[in-house]
Every structure is written in C-alpha cells, then in structure tokens.
Amino acid sequence: MAYPQAPRPPRTGLTVAVTAVVTLTAAGLLTWAGATALASPTQVRPAPGLPPDPCSQLGEDTLAAMDGEFYSWYSGTYANGCTWTMSLAGRDDTPVYLTRAVPMSGSDARAAERFSADGEIHRDVDALFAATVDDAGELGYESDDASVVDTEEKSLDFGDESVLVVTDIDYGYSDSVSPRVSLIVREGDLVSQIRFSPLASDDGIDADEAEELLAEVATDMFG
Amino acid sequence: MYDGPAQQFPQPPAAPAPPTPRRGSTGRTVVITAAATLAAYAAVAGVVGAVTLTAEEGMAGPEPEFAELPADPCAAASRSQLGAVSARMPSASFADERSTCSWHAEFSDGSPGHLSITFRLPLDSDREPQVDESAAEAEFEERRSELVDGSDGDYWTVEVLESRELDIADESVVSHVVESDEESGSRAEVLVRVGSVLVEVSASEPWEVRTGRADLTGDEDVLVDIAERAATSLE
C-alpha cells in the first residue's frame, strides 16, 4: 500500500549534538564567570593541589608523643603552613615549622613578580622544589654578622623526591655554630618543608643525626 | 434491532500514521535537548562543586583561642574596599594573640604593596595574650607614640611624614611613615583600639622592592574605611 512520502526527516542527531554542545558551552562559560566572581578577596581559597588545614598534617598521637603544642598557622592561595613547639633534640618548646606551596600561575604569578626583587616566580614544581632546597642552604637575609659556615644535603625516600638540608650558621655572637635542619619533600605539584633549629653545639650535627631527629615527624607527615 | 455480539468485519491493516509534519519539530528537539543537557550539567556541576567547596575549605584550621579575635580576618574588609586597592591573593595567619589577613595590592600611586589587617591582644610579662582593657590602652599608647612621634633606634628608625587623630572606636590614629634599617620602606597605618583589642590596618611597600618613596596618601580614605568596618565588626 502506498502512502504519501513524508518530507525528508531532519537531521535530528545533528540538531541534538549541536544543541548539547552550545548549551554546555554556554553553561560552562556562565559557571566560570560565576566562579571567578566568587573568587572574592575576602575569602582564602587554596589553589588546586594545595591541601587546606596544614595543622592537620601532623597526627595527634605524634604531637602528643613529642609534647607538641600548636603555635600558629597561616593559609594563603599558593602556600600555607603550621608551627608547633615540641620536645626535640633534648630541648623543650623547639619551634617546628611546616610550610607547603604549589607553583603560582596566570595573572597571580604576573602580579607577584612585582613583589620580588629578582622577579623570580616559580611557575613549575621543579623550579619551586629546587629553589626551596637552595633557600634551605642559605641564611635567608642580609647580615654583616651572621653567615652560613657549612651546608650538607642528603636525599631521602619521602614523596616523589626529598632532600634533607643541614645548614650550619655562625650568628657571630659565640664560638659555636647553630645548625638548622630542613626537610623538603615534593609530592606531585606540592612542595612541603619542615624546618627546625636544634640547640647550638660545638660539634654541630650531621645529616644522619638530623634525619634521626626528624624521623618521627617526617614519617607521620610523608611516610 | 441487532443486539447480538458486535459485528466483526475484517478490517484492512491500519495504515501507519504518516509522519507528522516536521515543521516546528526541530525547535522542540532543540528545547528538549537543551533542557536535558542543562539538567545533566547542573547535576554534575552541582556534585563537583559541592565536593570542591567541601574539599577546599581554605580556612580550615585551629580556631582562635580568644573569642575577641575574629576567625576570619579576611572578611573584615568589604569587597569594594579591597577592590579600591586591587587587593588579591588573601593570606590569613593566626597565633594565640592575633588574627591577620594580608593581600597583594596596588596603591593609588601605582606602586605594588601589601594591605594587611591585624587584630591583636596585648601580651603580659610572660608573653601570654591577655584580655585587659588597661593593657590594651598602654599598648595603644606605645604604638601611637611611634606613629605620631616616630622612633630612632640603632637598627630601626621610623620617620613620620604626617599623622592625625581619628574618631573610630575608643581611640584611633592614622599615620604615614618611612621605616628604615639599611633600606627604607613607605607605610601608612590606621591604629584603632576597640576595648581590649588593637586593630592595625596598613598599606606598605613589599620588603624586597621597598623604596621609601611610595605616596600612600591617596589610599588613606580606604584604610580608614576598612579600619572603621573592622572595628565595627568587633563591637
């Protein structure tokens, strides 16, 4: 039986596909605009890859075992950190600093360049890790009296890569040097650093001793 | 009259209904597709957004020990106040005796710098924070003296360019100074006492690129506005 031929069906599949793409694009753009507007300067929002709550990085059991107490913390877009005091290397109330950072990107990196004397902003994690290791071996400020006497580095097995840096500093007011211990760990795009200064001694300490001192805290944080 | 069973005549097979005319169906397809796509997008974006918001709560950390200090100092300034100095990348920091928020900013003379708001309590002789209005008065006076008269230490000098009293909260002052060790940096600060708490709102040059020549007078109104808002938030 012959029936009147229907008009040629439209390309429904194509219409659906085009509509879906256009709708998704529009919705995505609107969401991006909304999210950008919500990135308010009245609110700290960590960059992707930077975990919030730096003070929770150290477990309560470890903190208790080392007579640790929370001291201070900070939270920014590309870096955050926490400071505790704990019994370490035979000394009570030794400040232990944790800082964590991810590379800067986009317009924030361009803005931050104006705040740095050498305009050096770390946009990739390898540069950030290398600079953090370098900084650990330096005094960190201009001084006529204080100077770095010696620096020892030792690679450890934490994270994707990690380096322990023992920096011996002569502050110029006594015969002994003051060691400063920094452990820098990279996990993906995140560069973390734990730092503390054991008591000054005539012999100083070497990297093996420093590793032992930091073992409990480092294993808790990165093990 | 026939009242038997309904007569069953053979019926020709029903002709398939000719396709309905397509005029208007493309529009319907577009509407339905757009609605379905939006619904799916909203569902996915909602879940992702909720997870992201939960996972990236930036201010997660120990609560301030003293209720006198705000848990979110970055919210002490309004968005429009922060916009006036192009403030971005807020960073909050906390210790027992203080809550601070600082931003990268650009001031009215075009120079880069930091805007910061600090709420703090005076320390006692054991360096423990104390909630004590008379201690805060003494602390205010010490800081006021530096901001109005300047100071001249061996390693650190404060030269006052101009200063004046304000009428915010219990007592307040605004000052423009140049601070120097071996180098100099420009700074403008509004200092306010609200009961037992000191509020400091400052604009300063970045430490690494300080010149001592930045002109921050054009930003004074914004600093004063922020200080007023911050003080009100404590009252």
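Provided above is the structure to which this section pertains.
Everything quoted here is computed from the prediction, not taken from an experiment. (Residues numbered from 1 in each chain as written. Chains lettered and ligands numbered in written order. Predicted model: local features only at pLDDT ≥ 70, side-chain atom pairs only at ≥ 80, totals over all residues. Heavy atoms only, no water.)

1. As for the overall build of chain A
So, step 1. On a plain count of helices and strands, chain A comes out with five helices and seven strands.
So, step 2. Counting from the amino terminus, helix and strand elements in chain A follow one another as α-α-β-β-β-α-α-β-β-β-β-α.
So, step 3. Within the span of chain A, comprising 223 residues, buried residues form 44% of the whole.
So, step 4. Sequence separation of 24 or more characterises 53% of the internal contacts of chain A that already satisfy a separation of 6 or more.
So, step 5. Carbon and sulfur atoms form 51% of the exposed surface of chain A, whose accessible area is close to 11700 Å². (Helix = DSSP H or I, 4+ residues; strand = E, 2+ residues; numbered from the N terminus. Buried < 20%, exposed > 50% of the residue type's maximum accessible area, 1.4 Å probe, protein only. Contact = heavy atoms within 4.5 Å. Areas by Shrake-Rupley, 256 points an atom, 1.4 Å probe, with all protein chains shown as cover.)

2. Structural notes on a negative patch on the surface
So, step 1. The grouping of A:Asp118, A:Glu120, A:Asp134, A:Asp135, A:Glu138, A:Glu153 and B:Glu208 at the surface amounts to a negative patch.
So, step 2. Mapped onto the elements, B:Glu208 comes out in the loop between β8 (197–204) and α4 (220–234).
So, step 3. In this structure B:Glu208 comes out as partly exposed when scored by relative accessible area, which is 47%. (Patch = residues over 30% accessible without salt bridge, like charges linked within 9 Å, V, L, I, M, F, W, Y side chains within 5 Å. Salt bridge = Lys/Arg side-chain N within 4 Å of Asp/Glu carboxyl O. Lys, Arg positive; Asp, Glu negative; His and termini not counted. Charge placed at Lys NZ, Arg CZ, Asp CG, Glu CD.)

3. Structural notes on the interface of chain B and chain A
So, step 1. Facing 52 residues of chain B, the contacting portion of chain A comprises 46 residues.
So, step 2. For the pair chain B and chain A, the two sides together bury roughly 4100 Å², of which 63% comes from carbon and sulfur.
So, step 3. Put simply, chain B and chain A have two salt bridges between them.
So, step 4. Between B:Glu106 and A:Arg114 there is a salt bridge, with the nearest N and O atoms lying 3.2 Å from each other.
So, step 5. Linking chain B with chain A are nine residue pairs in polar contact (both at pLDDT 80 or more).
So, step 6. Every element with two or more residues in the side of chain B that touches chain A is listed here: α1 (25–55), α2 (79–84), β1 (88–95), β2 (98–106) and β3 (112–120) of chain B.
So, step 7. Residue contributions to the side of chain B that touches chain A peak at eleven residues, all from α1(B).
So, step 8. Split into classes, the residues belonging to the side of chain B that touches chain A amount to 27 nonpolar, 15 polar and ten charged. (Buried area = accessible area lost by both parts, 1.4 Å probe. Polar contact = N/O pair within 3.5 Å; in protein donor to acceptor, adjacent residues only side chain to side chain. Nonpolar A, V, L, I, M, F, W, Y, C, P; charged D, E, K, R; others polar.)

4. Quick notes on the pairing of strand β2 (residues 79–88) of chain A
Residue and element names in this part refer to chain A.
So, step 1. Summarising burial for β2: eight of the ten residues are buried, a large majority.
So, step 2. Direction of pairing for strand β1 (residues 69–75) relative to β2: antiparallel, over a ladder of six bridges. Following the sheet pairing, Tyr-74 is matched in β2 by Gly-81.
So, step 3. Between β1 and β2, which pair antiparallel in sequence order, lie three residues.
So, step 4. The turn joining β2 and strand β3 (residues 91–101), which pair antiparallel and follow one another in sequence, is formed by two residues; a positive phi near 55 degrees is taken by Ala-89. (Pairing = 2+ DSSP bridges.)

5. Here's the deal with helix α3 (residues 133–149) of chain B
Residue and element names in this part refer to chain B.
So, step 1. End to end, α3 covers 23 Å across 17 residues, agreeing with the expected 24 Å (1.5 Å per residue, within 8%).
So, step 2. Taken together, the buried positions of α3 are occupied by Ala-135, Ala-136, Glu-139, Phe-140, Arg-143, Arg-144 and Leu-147.
So, step 3. Its buried side turned inward, α3 meets β3, β5 (157–166), β6 (171–180), β7 (184–194) and β8.
So, step 4. Positive backbone phi, at 80 degrees, marks Gly-150, one or two positions downstream of α3. (Expected span 1.5 Å × (residues − 1).)

6. Things to note about the packing of aromatic side chains
So, step 1. Enumeration over the complete set of coordinates arrives at four aromatic pairs over all chains.
So, step 2. On the basis of an interplanar angle of 55 degrees and a centroid distance of 6.3 Å, the ring pair of A:Phe158 and A:Phe222 is categorised as tilted. Within this pair, whereas A:Phe158 is found in the loop between β4 (147–156) and β5 (161–170), its partner A:Phe222 is found in helix α5 (residues 207–222), the two being separated by 64 residues in sequence. Across this residue pair, the class does not change: A:Phe158 and A:Phe222 are buried.
So, step 3. Its end group placed over the ring of B:Trp207, B:Arg210 keeps NZ or CZ at 3.6 Å from the ring centre. (Phe/Tyr/Trp six-rings, centres within 6.5 Å; stacked < 30°, edge-to-face > 60°. Lys NZ or Arg CZ within 6 Å of the ring centre and 35° of its normal.)

7. Here we look at empty space enclosed by the protein
So, step 1. Taken as a whole and judged by the stated rule, the model has one cavity of 30 Å³ or more.
So, step 2. Its boundaries defined by the atoms lining it, the largest cavity holds a volume of some 50 Å³.
So, step 3. If you go around the largest cavity, the residues you meet are A:Phe70, A:Trp73, B:Pro62, B:Glu63, B:Pro64, B:Glu65, B:Phe94, B:Ala95, B:Asp96, B:Arg98 and B:Ser99.
So, step 4. Here the lining of the largest cavity is built from residues that sort into six nonpolar, one polar and four charged. (1 Å grid on protein atoms, 1.4 Å probe; cavity = no way out; pocket = protein on both sides within 12 Å on 5 of 7 lines; lining within 4 Å. Points joined across faces, edges and corners; volume = space filled by probe spheres on them.)

Everything listed is a geometric property; what it means functionally is a separate question.
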